[in-house]
Amino acid sequence: MNVKTPNAIDSYVGARIRTRRQLLGMSQERLAEQIGVTFQQVQKYEKGINRIGASRLQRIAEVLHTSPSFFFEQGDSERLAVRGLGGPNHTDPVAEFLQTKEGLVLNRAFLKIADPDIRETIIALVTAMGQAESRGPTAAASTADISHPLGE
């Protein structure tokens, strides 16, 4: 039996749809209802098993409050490159993190913070904690690392 393997781009676009849907706290059932398909079809889109037509992708983007180009972006809004999408060694760590429970919770909470100074302080704190972690368990972050967010 010939099992169809998903195309790398279809899988990537599907993963971006899943990430965006989860970020918004939307179920597969609700997305399916909004775009006029079954939730099983949404599952197939998200896994890259079924390809998504242009008009359907446009509708998904509208429902998920984004642009169709969002589903093709990599990293810092780079356009999607086919090279490197084939294997597990080329996964996007940010996308992977956003697909975890912790990533979704942290991202949703962060998006609720309106004050840019508080956001910068949180970024500086997490950056300092990450640097301390990479230096080893006995290293501690200095207050200078936190008091000057974003390298100011």
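Residues numbered from 1 in each chain as written. Predicted model: local features only at pLDDT ≥ 70, side-chain atom pairs only at ≥ 80, totals over all residues. Heavy atoms only, no water.

Novice: Mind laying out the packing of aromatic side chains, listing which residues take part and the relevant values?
Specialist: Considering all chains together, one arrives at one aromatic pair under this definition. Ring geometry for Phe70 against Phe71: centres 5.4 Å apart, planes inclined by 80°, an arrangement best described as edge-to-face. Pair check on accessibility: Phe70 and Phe71 agree, each one buried. The residue whose ring lies beneath Arg16 is Phe70, and the NZ or CZ to ring-centre distance is 4.0 Å. Of note, Arg20 hangs over the ring of Phe70, and the distance from its end group to the ring centre comes to 5.9 Å. (Phe/Tyr/Trp six-rings, centres within 6.5 Å; stacked < 30°, edge-to-face > 60°. Buried < 20%, exposed > 50% of the residue type's maximum accessible area, 1.4 Å probe, protein only. Lys NZ or Arg CZ within 6 Å of the ring centre and 35° of its normal.)

Novice: Talk me through unusual backbone geometry; I want residue IDs and the actual numbers.
Specialist: Unusually for a residue other than glycine, His65 sits at a positive phi of about 55°. Along the polypeptide, His65 turns up in the loop between α4 (54-63) and β1 (73-74). His65 gets classed as exposed once you look at its relative accessible area, which sits at 63%. (Helix = DSSP H or I, 4+ residues; strand = E, 2+ residues; numbered from the N terminus.)

Novice: So what's going on with the confidence of the model for the protein chain? Which residues, and what values?
Specialist: Per-residue pLDDT for the protein chain averages 80, and the proportion of residues at 70 or more is 75%. Under a pLDDT of 50 for its full length, residues 86-90 has, in the predicted model, two contacts with residues more than four places off or in other chains. (pLDDT = per-residue confidence, 0-100. Contact = heavy atoms within 4.5 Å.)

Novice: Explain a nonpolar patch on the surface residue by residue, including any values.
Specialist: A cluster of nonpolar residues, Leu125, Val126 and Met129, forms a patch on the protein surface that exposes about 270 Å² of accessible area. For Leu125, a relative accessible area of 37% translates into the label partly exposed. (Patch = residues over 30% accessible without salt bridge, like charges linked within 9 Å, V, L, I, M, F, W, Y side chains within 5 Å. Areas by Shrake-Rupley, 256 points an atom, 1.4 Å probe, with all protein chains shown as cover. Salt bridge = Lys/Arg side-chain N within 4 Å of Asp/Glu carboxyl O.)

Novice: Summarise the pattern of salt bridges; cite the residues concerned and give the values.
Specialist: Per the stated rule, a full pass over the model turns up three salt bridges. A salt bridge links Arg51 to Asp10, with the nearest nitrogen and oxygen atoms 2.8 Å apart. One end of the pair, Arg51, is in the loop between α3 (39-47) and α4; the other, Asp10, is in helix α1 (residues 8-23), with 41 residues separating them in the sequence. For Glu46, the salt bridge identified is with Arg21, shortest N-O distance 2.6 Å. In this pair, Glu46 sits in helix α3 while Arg21 sits in helix α1, placing the two residues 25 residues apart along the sequence. There is no split in this pair, since Glu46 and Arg21 are both buried.

Novice: Go over the packing of helix α2 (residues 28-35) against α3 with me, naming the residues and quoting the values.
Specialist: Here α2 crosses α3 at 100°, and the two axes come no closer than 8 Å. Between α2 and α3, the angle falls in the class roughly perpendicular. Contact residues: α2 offers Gln28, Glu29, Leu31, Ala32 and Ile35, while α3 offers Phe39, Val42, Gln43, Tyr45 and Glu46. When grouped by side-chain class, the residues that make up the contact of α2 with α3 number six nonpolar, two polar and two charged. (Axes fitted to C-alpha atoms, helices over the stretch in contact; angles between N-to-C directions. Parallel < 35°, antiparallel > 145°, perpendicular 65-115°, else oblique. Nonpolar A, V, L, I, M, F, W, Y, C, P; charged D, E, K, R; others polar.)

Novice: Quick rundown of the side chain of Arg20? Include the residues and the values.
Specialist: Looking at the element boundaries, Arg20 is found in helix α1. With residues up to four places along the chain from it excluded, the contact list for Arg20 reads Leu64, His65, Thr66 and Phe70.

Novice: Lay out α1 in plain terms, naming residues and giving numbers.
Specialist: The end-to-end C-alpha distance of α1, which contains 16 residues, comes to 22 Å, matching closely the 22 Å that a straight helix rising 1.5 Å per residue would cover. By the criterion of burial, α1 is predominantly enclosed, with twelve of the 16 residues buried. Restricting attention to buried positions, one finds in α1 the residues Asp10, Tyr12, Val13, Gly14, Ala15, Arg16, Ile17, Thr19, Arg20, Arg21, Gln22 and Leu23. The N-capping residue of α1, defined by a side-chain oxygen 2.7 Å from the backbone nitrogen of Ile9, is Asn7. Trailing α1 by a residue or two, Gly25 shows a phi angle of about 75°, which is positive. (Expected span 1.5 Å × (residues − 1). Polar contact = N/O pair within 3.5 Å; in protein donor to acceptor, adjacent residues only side chain to side chain.)

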